[in-house]
Structure formats: C-alpha cells, structure tokens
Amino acid sequence: YFSKLAHLDLAHLEDPEVQNLLTKARDTFPWRVPDFIRLSSYFFSAVVTWGSIFAILAPFGWWIPVAITLAAVPRLWVRTRGGNFQWSIYGSGAPNVKRLWYFMWILSWPPAIREARIHGASQPLLEKFKETQQSLFDLNRVPLDRFMRLIVFPILFETGVLFAIAVWKAPEVLAATMTLG
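My aim in this report is to walk through the structure given alongside it, one point at a time.

Some remarks on the packing of aromatic side chains
In total, this model carries six aromatic pairs according to the counting rule given. Between Trp 63 and Trp 168 the ring centres are 5.1 Å apart and the planes differ by 75°, which places this aromatic pair in the edge-to-face class. You can see Trp 63 sitting in helix 5 (residues 63-92) and its partner Trp 168 sitting in helix 8 (residues 122-174), a full 105 residues away along the chain. What makes Trp 63 partly exposed here is its relative accessible area of 30%. On the basis of an interplanar angle of 50° and a centroid distance of 5.8 Å, the ring pair of Tyr 102 and Phe 103 is categorised as tilted. According to the relative accessible area criterion, Phe 103 is buried, its value standing at 7%. Ring pairing ties together the aromatic residues Tyr 102, Phe 103, Trp 105 and Trp 109, which thus form one cluster.

What about the pattern of salt bridges?
In this structure the tally under the stated criterion is five salt bridges. For Arg 75, the salt bridge goes to Glu 158, with nearest N and O atoms at 2.6 Å. Highlighted residues: Arg 75 in helix 5 and Glu 158 in helix 8, separated in sequence by 83 residues. Residue classification places Arg 75 among the partly exposed positions, given a relative accessible area of 23%. The closest approach of N and O atoms between Glu 131 and Lys 128, which form a salt bridge, is 3.8 Å. Of this pair, Glu 131 and Lys 128 both sit in helix 8, three residues apart, which is roughly one turn of that helix.

Some thoughts on the environment of Ala 170
Considering the arrangement of structural elements, one finds Ala 170 in helix 8. For the pair formed by Ala 170 and Thr 69, sequence separation is 101 residues and the distance between their alpha carbons is 20 Å.

Things to note about helix 8
With 53 residues, helix 8 should reach 78 Å at 1.5 Å per residue; the first-to-last C-alpha distance of 67 Å falls well below that figure. Arg 141 marks where helix 8 bends most, by close to 50°; the proline Pro 143 follows one to four residues later. Those residues of helix 8 lying buried are Leu 125, Phe 129, Thr 132, Leu 136, Asn 140, Phe 147, Ile 151, Pro 154, Glu 158, Val 161, Ile 165 and Lys 169. Downstream of helix 8 by a residue or two, Ala 176 has a phi angle that is positive, lying close to 65°.

Parameters at a glance
Residues numbered from 1 in each chain as written. Predicted model: local features only at pLDDT ≥ 70, side-chain atom pairs only at ≥ 80, totals over all residues. Heavy atoms only, no water. Phe/Tyr/Trp six-rings, centres within 6.5 Å; stacked < 30°, edge-to-face > 60°. Helix = DSSP H or I, 4+ residues; strand = E, 2+ residues; numbered from the N terminus. Buried < 20%, exposed > 50% of the residue type's maximum accessible area, 1.4 Å probe, protein only. Salt bridge = Lys/Arg side-chain N within 4 Å of Asp/Glu carboxyl O. Expected span 1.5 Å × (residues − 1). Bend = angle between axes of the 7 residues up to and from the residue.

Dropping the structure here:
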C-alpha cells in the first residue's frame, strides 16, 4: 500500500474519488492477512470436522454421511450466494457509505473529537451518524429479509434429513443391535 502510495501521481492526490479509495485502502489493508488466516482456519477446521464426522458415521452405513453431506448442500449454496450480500451493502449505498466512513473517522480521531466538543457539535454529528446508519439499513433491509427467508428452508430440510435418519435407526438402537458409543 505505502509503496504504491509513494509513487502515485500528484494529480491523483487531488481527486476526491482517489482520496476516498485511499482512505478505504488505508483502513482495510492491515486486516487482509489476518482475515485471510482467520478464513483459512475456519475452512480447514470445517474440513477436519466434516472428515471426522464422516469417519464416525460411516460404520452405521456408508450412505448416512453421504446423505447428511448432500442434505447440507442447499444450505451451503444459499449461504454462498448470500455471502455477496455482505459486500453489496457497501456498494448499494455508496454515497452514504462514504458519509459513514467520514463520520466514523471524525468521531474517532482525537483532534476532531476535541473540536466537536469545544464547538458543541458532538450531538449533531452523532445524530447524523445514526441517520446514515439507519438509511443504509433501510436500503438493505429487503435483500436481508429475503436472504433470511431463503436460509430457513435449507436448514429445515437438513434438520428433516437428520431427524429421518435418527428415526430410521432408532429401532436398531432400542433393540440393542446397534450401539452409539
């Protein structure tokens, strides 16, 4: 980031769009590597968990872990499709997002906090900040509600498959022909 910034043409430093982009980059670039490590950790943890569950359930019938995995596919598909929603929040209300970034900066930078308190501008700035947050929430409420309605069906389907397998295997467990431990 800094090496590219050091070689940036001076005319670009006067462009407000470039300034907005530089501010976003400055605020987000330190988190890229830790975020990548965190997401990689989640992925590998999920793979190990899935492999362990597959190995534990396979002795009860090879088809059980396969059925459970296939039952989880719709939920994973909806979550993957809805993952873009998180980033579309910031793109759909771009002017308000810029305003939100500005308020976050001005309400957290110590010299600006001092100036706002001296001039009695803290409360109006906080009100504008909350207004901007609410407008972004209102703008994205419909897609959020749609996503929340869609995610319910795959979860219910997955739970139904697990319940059906448990009910189907319950007589063997109750007759002591199969043990769970």
